Amino acid sequence: MSTMPRTLEDFMAQALAMEREAVERYTEFADAMEMHNNREVATMFRTMAGYEGKHAEQIKAEMGWKEDPAPPAGGFGWPGFEAPETVPIDEVHYLMQPWHALQLALGAEQRAETFFGELAKAATTDSVRRAALELQAEEREHVELVRAWLAKVPTPDGDWANDPDPPRYTD
Amino acid sequence: MNDPVTPMAVLTAADYKSSYKPIWCPGCGDYTVLSSITKALAQLQLPPHEVAVVSGIGCSSRIPAYTNCYGFHGVHGRSLAAATGLKVARPDLTVLVTGGDGDGFSIGGNHFMHACRRNVDMTYIVMDNHVYGMTKGQASPTTEPDWDNKLSPGGTGIRSFHPLVIALAAGASFVARAFAGDPNGTANIIAQGIRHPGFAFIEVMSPCVTFRPEQREWKQLVHTAPVETTDDPARAARRIMTDDGMNIGVLYEGQRKTYAARHSAVPQDLADFEREFEI
């Protein structure tokens with residue numbers, strides 16, 4: 001953990017930034033999938049962006065913020081390059097199926113749950129610890145929701161990435 | 001009586017994005033580089049109409065269309081030539097140049113070296129994926145010599161071009177390496193490059209998931225440069241030549257007079273311009 005938020009406001013600002021980054025990435029994925037005519041997965045990513053956007057608005061409402069707070073000068077401290085709920089840009093494929101999209105969402109929610117758990121352990125104030133535990137519990141719920149969603153979609157065949165008209169002819 | 005002052009709205013990254021959706025392959029690193037550019041512009045609060053994005057040809061050269069700034073999608077390899085002319089004629093504009101490794105180091109290789117020499121105040125962002133993606137996967141100047149594929153069986157056997165060292169040797173006054181998987185860090189480096197007076201060269205490692213899927217491993221390999229930025233080009237060159245190629249950060253920032261500081265003001269009318277050619 002690179003930086004530990006000291007106040008409840010700092011902590012919630014970081015949680016809000018995490019949701020915003022997730023919205024941005026899911027929207028990028030949805031746009032990319034639409035461009036590649038993978039409409040089912042595009043819709044799924046758009047839906048995920050919508051959920052994360054609602055979480056962001058929920059945080060703002062709870063804090064009574066009209067605008068998103070400005071990030072700290074050096075940016076927020078994340079365990080990796082990006083916020084834990086953000087799916088890395090290179091983990092999608094133009095032929096991916098809903099199952100793959102949900103696997104990515106599951107990973108993101110699990111990372112978020114772990115992140116808040118770690119913050120709760122490292123918190124130096126009761127207010128931050130309580131809020132971190134609350135958000136950890138929310139992320140745990142999201143993990144279960146994604147798992148339930150996953151159970152409803154078919155597992156892809158082994159040759160899901162085979163394209164009869166591939167972009168690459170070099171292999 | 002003074003007019004009431006309307007507070008200026010704060011520009012966000014979204015304000016710099018156009019309504020055109022990128023057509024890059026899903027998973028391409030260029031998506032986050034676009035995002036980093038818009039975040040950097042928002043960080044600096046530069047009005048979009050005071051920024052020009054110039055590019056050549058290739059996947060990453062599509063970026064001007066995806067921003068709300070002025071854009072020039074030019075000829076293959078000639079982005080730096082067009083951008084140099086623009087910046088000299090309109091020094092008030094912030095000029096960003098975007099492109100890929102083929103466009104910048106092969107077709108535009110000569111322009112690259114001389115842009116570094118001239119030290120015109122602009123920022124050159126190269127999305128380096130070590131391959132020609134738009135034309136279906138040929139080896140580029142930065143491709144590893146042993147990259148085996150049907151178009152170059154057994155690899156080209158040709159030593160890779162080292163753009164950071166070439167930039168240093170040619171006189172670039174700001175040299176950095178960034179990674180597409182670190183969009184916030186890349187945005188900070190781009191913002192630093194824009195603020196830097198002179199030619200800023202930023203090589204962004206941007207994976208091509210279609211032709212170089214193994215580059216997905218980069219996110220496990222890249223790391224922040226363990227040393228501070230130096231203003232000594234010899235030290236920077238030694239570091240860059242001996243590092244693992246995965247160090248990200250501003251590797252060199254020097255102070256050299258910009259092209260504008262060494263030349264008189266741009267002629268304001270044709271008569272002034274003609275007088276410069278009088279014998």
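Because the structure is a prediction, the values reported are computed rather than measured.

Cut-offs and rules
- Residues numbered from 1 in each chain as written.
- Chains lettered and ligands numbered in written order.
- Predicted model: local features only at pLDDT ≥ 70, side-chain atom pairs only at ≥ 80, totals over all residues.
- Helix = DSSP H or I, 4+ residues; strand = E, 2+ residues; numbered from the N terminus.
- Contact = placed C-beta atoms within 7 Å.
- Buried ≥ 20, exposed ≤ 12 C-beta atoms within 10 Å, placed from the backbone.
- Core = buried A, V, L, I, M, F, W, Y, C linked by C-beta atoms within 7 Å.
- pLDDT = per-residue confidence, 0-100.
- Pairing = 2+ DSSP bridges.
- Axes fitted to C-alpha atoms, helices over the stretch in contact; angles between N-to-C directions.

A.B. asks: In this structure, what is going on with the overall build of chain B? I would like to understand it.
C.D. replies: Along its length, chain B carries ten helices and eight strands. In terms of overall dimensions, chain B has a C-alpha envelope of 70 × 50 × 35 Å along the principal axes. Considering only intrachain contacts with a sequence separation of at least 6, the fraction spanning at least 24 residues in chain B is 69%.

A.B. asks: Just checking my understanding: could you explain the overall build of chain A for this structure?
C.D. replies: In terms of helices and strands, chain A carries four helices and zero strands. Sorting the 171 residues of chain A into buried and exposed places 38% on the buried side.

A.B. asks: In this structure, what is going on with the nonpolar core? I would like to understand it.
C.D. replies: The tendency in soluble globular proteins is for nonpolar side chains to be buried side by side. Counting residues in hydrophobic clusters, the biggest one holds 113 residues, and the most contacted among them are A:F45, B:Y124, B:I125, B:V175, B:F201, B:I202 and B:V204. Per-element tally for this core: the top contributor is helix 1 (residues 8-35) of chain A, with 14 residues. For B:F201, the contacting residues outside a window of four places in its chain are B:C116, B:Y124, B:A167, B:A172, B:F174 and B:V175.

A.B. asks: How should unusual backbone geometry be read in this particular structure?
C.D. replies: The general pattern is negative phi for most residues beyond glycine and trans for most peptide bonds. Positioned with a positive phi, A:N37 is a non-glycine residue whose angle comes to about 60°. As for its placement among the helices and strands, A:N37 is situated in the loop between helix 1 and helix 2 (39-63). The class of A:N37 is exposed, set by 8 C-beta atoms lying within 10 Å. Of note, B:H130 is a non-glycine position whose phi angle comes to about 60°, a positive value. Structurally, B:H130 is set in the loop between strand 4 (123-128) and helix 5 (163-170).

A.B. asks: Whenever I open this one, the confidence of the model for chain B confuses me. Can you help?
C.D. replies: Note: predicted coordinates in regions of low pLDDT should not be interpreted at a detailed level. Of the residues in chain B, 95% have a pLDDT of 70 or more, and the chain-wide mean is 93. Under the prediction, the complex receives an ipTM of 0.92, its pTM being 0.93.

A.B. asks: I'm lost on the sheet that holds strand 6 (residues 200-205) of chain B in this one. Help?
C.D. replies: In a beta sheet, neighbouring strands are held together by backbone hydrogen bonds and run either parallel or antiparallel to one another. Residues and elements named next belong to chain B. Pairing is mixed across the open sheet formed by eight strands, whose spatial order is 2-1-3-4-6-5-8-7. Pairing within the sheet leaves two strands with one partner each, and these edge strands are strand 2 (70-73) and strand 7 (223-224). Here five bridges tie strand 1 (residues 51-55) to strand 3 (residues 94-100), and the two strands are oriented parallel to one another. Each residue of the ladder has a partner; that of A52, found in strand 3, is V95. Sheet strands in contact with helix 2 (residues 79-89) are strand 1, strand 2, strand 3 and strand 4, and its direction is about 180° off that of strand 3.

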